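# Results of the structural survey
The chain contents come next:
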Amino acid sequence: MSQLNFITQSRKGKHLTYEERIKLEALLKMGLSSGCIVEQLGGRSERTIRREIAKGRVELLNSDLTTRMEYSAEVGQSEHDTQATAKGPSLKIGKDHKLVKYLEKAIGIDSESPYAAIQNITNKNLQFETTICFKTVYNYLDNNLFLNISNKDLPVKKNAKKRNYKKIRPAYNNTKGTSISERPAAVAARDEIGHWEMDTVVGKQGTKTVLMVLSERVLNVKLYLIEKAFYFYY
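Quantities reported herein were computed from a predicted structural model and do not represent experimental measurements.

## What to know about the overall build of the protein chain
- Helices and strands together make up the secondary structure of the protein chain, namely 9 helices and 4 strands.
- Start at the N end of the protein chain and walk to the C end: the helices and strands fall as α-α-α-β-β-α-α-α-α-α-β-β-α.
- Burial status across the protein chain gives 24% buried among its 234 residues.
- Counting only contacts in the protein chain whose residues sit at least 6 apart along the sequence, the fraction spanning at least 24 positions is 46%.
- By element, 54% of the accessible surface of the protein chain is carried by carbon and sulfur atoms, the whole surface being about 18,700 Å².

Structure below.
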């Protein structure tokens, strides 16, 4: 395969793609110079290539138990994904310090709600670099992103008490054994001894007392036993 097959269009200002990292790994294994690699990767700068190689270097074991350092496209991509995740989304309010000061004064000093503070921007035709909604302001307050104001400055949230939720014991369905709906018809007739029903009675809330109840399904156990005794007697 010709080396020219590796040539791709330049993507200035963007990170290497996974396909470019695979090509970089192959070119390094071919022993090409850095200048040739830059050409084959569509004009990427040598600095970008060097940084990518340093980021994706991995130690490999030789057959004689010695080690060597090589570039791995998998490792390079993994490092890129990790760094991209760690950055997180940028704040919409950005570097609009004028808007920040206005919100801190409106909420912290003038005791306005986020909704009123944002609404006054429209009503008074105030000009800022950034446009945000009141829900975004609430999110910023919840995450303590303002320096001089917090949820304590809100008339609704500062005195709010946490609601107490009672812990509800979940009900567990019996997943083992035969369902009661699948029992034989003779059991439903209740004229044959030997079929028992078991249930539990839980004590009052807050205690661990449990009573297990066993019931014989025969309608008249005493009469049944008398009939059986009479039969064996004769």
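## Details of the confidence of the model for the protein chain
- Chain-level statistics for the protein chain give a pLDDT mean of 75 and a share of 71% at 70 or above.
- Counted against residues more than four places away or in other chains, residues 1-10, with its pLDDT under 50, gives 20 contacts.
- For residues 230-234, every residue scores under 50 in pLDDT, and the model assigns this stretch 0 contacts once sequence neighbours within four places are set aside.

## Considering the nonpolar core
- Residues Leu 99, Tyr 102, Leu 103, Ile 132, Val 137 and Phe 146 are the most contacted members of the largest nonpolar core, which totals 17 residues.
- For this core, the secondary-structure elements that each account for two or more residues are helix 5 (97-109), helix 6 (114-123) and helix 7 (134-142).
- By residue number, the principal contributor to this core is helix 5, which donates 5 residues.
- Apart from residues lying up to four places away in sequence, Leu 103 is in contact with Ile 93, Gly 108, Ala 117, Ile 118, Ile 132, Val 137, Phe 146 and Ile 149.

## Considering the environment of Lys 29
- Tracing the chain through its elements places Lys 29 in helix 1 (residues 18-29).
- Residue classification places Lys 29 among the exposed positions, given a relative accessible area of 59%.
- Residues Lys 29 and Tyr 71, 42 residues apart in the sequence, show an inter-C-alpha distance of 8.8 Å.

## So, unusual backbone geometry
- One non-glycine residue, Ser 111, adopts positive backbone phi at about 60°.
- Structurally, Ser 111 is set in the loop between helix 5 and helix 6.
- For Ser 111, a relative accessible area of 52% puts it in the exposed group.
- Phi at Asn 144 is positive, roughly 55°, even though this residue is not glycine.
- Here Asn 144 lies in the loop between helix 7 and helix 8 (185-189).
- We classify Asn 144 as exposed; its relative accessible area is 56%.

## Description of the packing of aromatic side chains
- Applying the stated criterion across every chain yields a total of 4 aromatic pairs.
- Pairing Tyr 102 with Phe 128 gives two aromatic rings, centres 5.4 Å apart and planes at 40°, and the pair type is tilted. Pair noted here: Tyr 102 is in helix 5 and Phe 128 is in the loop between helix 6 and helix 7, with a separation of 26 residues, a long-range link. The same class applies to Tyr 102 and to Phe 128, which are both buried.
- On the basis of an interplanar angle of 80° and a centroid distance of 6.3 Å, the ring pair of Phe 134 and Tyr 138 is categorised as edge-to-face. Taken as a pair, Phe 134 and Tyr 138 lie in helix 7 at a separation of 4 residues, close to a single helical turn.
- By relative accessible area, Phe 134 is classed as partly exposed at 29%.
- Here the aromatic residues Tyr 115, Phe 134 and Tyr 138 are joined through ring pairs into a cluster of three or more.

Criteria and thresholds
Residues numbered from 1 in each chain as written. Predicted model: local features only at pLDDT ≥ 70, side-chain atom pairs only at ≥ 80, totals over all residues. Heavy atoms only, no water. Helix = DSSP H or I, 4+ residues; strand = E, 2+ residues; numbered from the N terminus. Buried < 20%, exposed > 50% of the residue type's maximum accessible area, 1.4 Å probe, protein only. Contact = heavy atoms within 4.5 Å. Areas by Shrake-Rupley, 256 points an atom, 1.4 Å probe, with all protein chains shown as cover. pLDDT = per-residue confidence, 0-100. Core = buried A, V, L, I, M, F, W, Y, C linked by side-chain atoms within 4.5 Å. Phe/Tyr/Trp six-rings, centres within 6.5 Å; stacked < 30°, edge-to-face > 60°.

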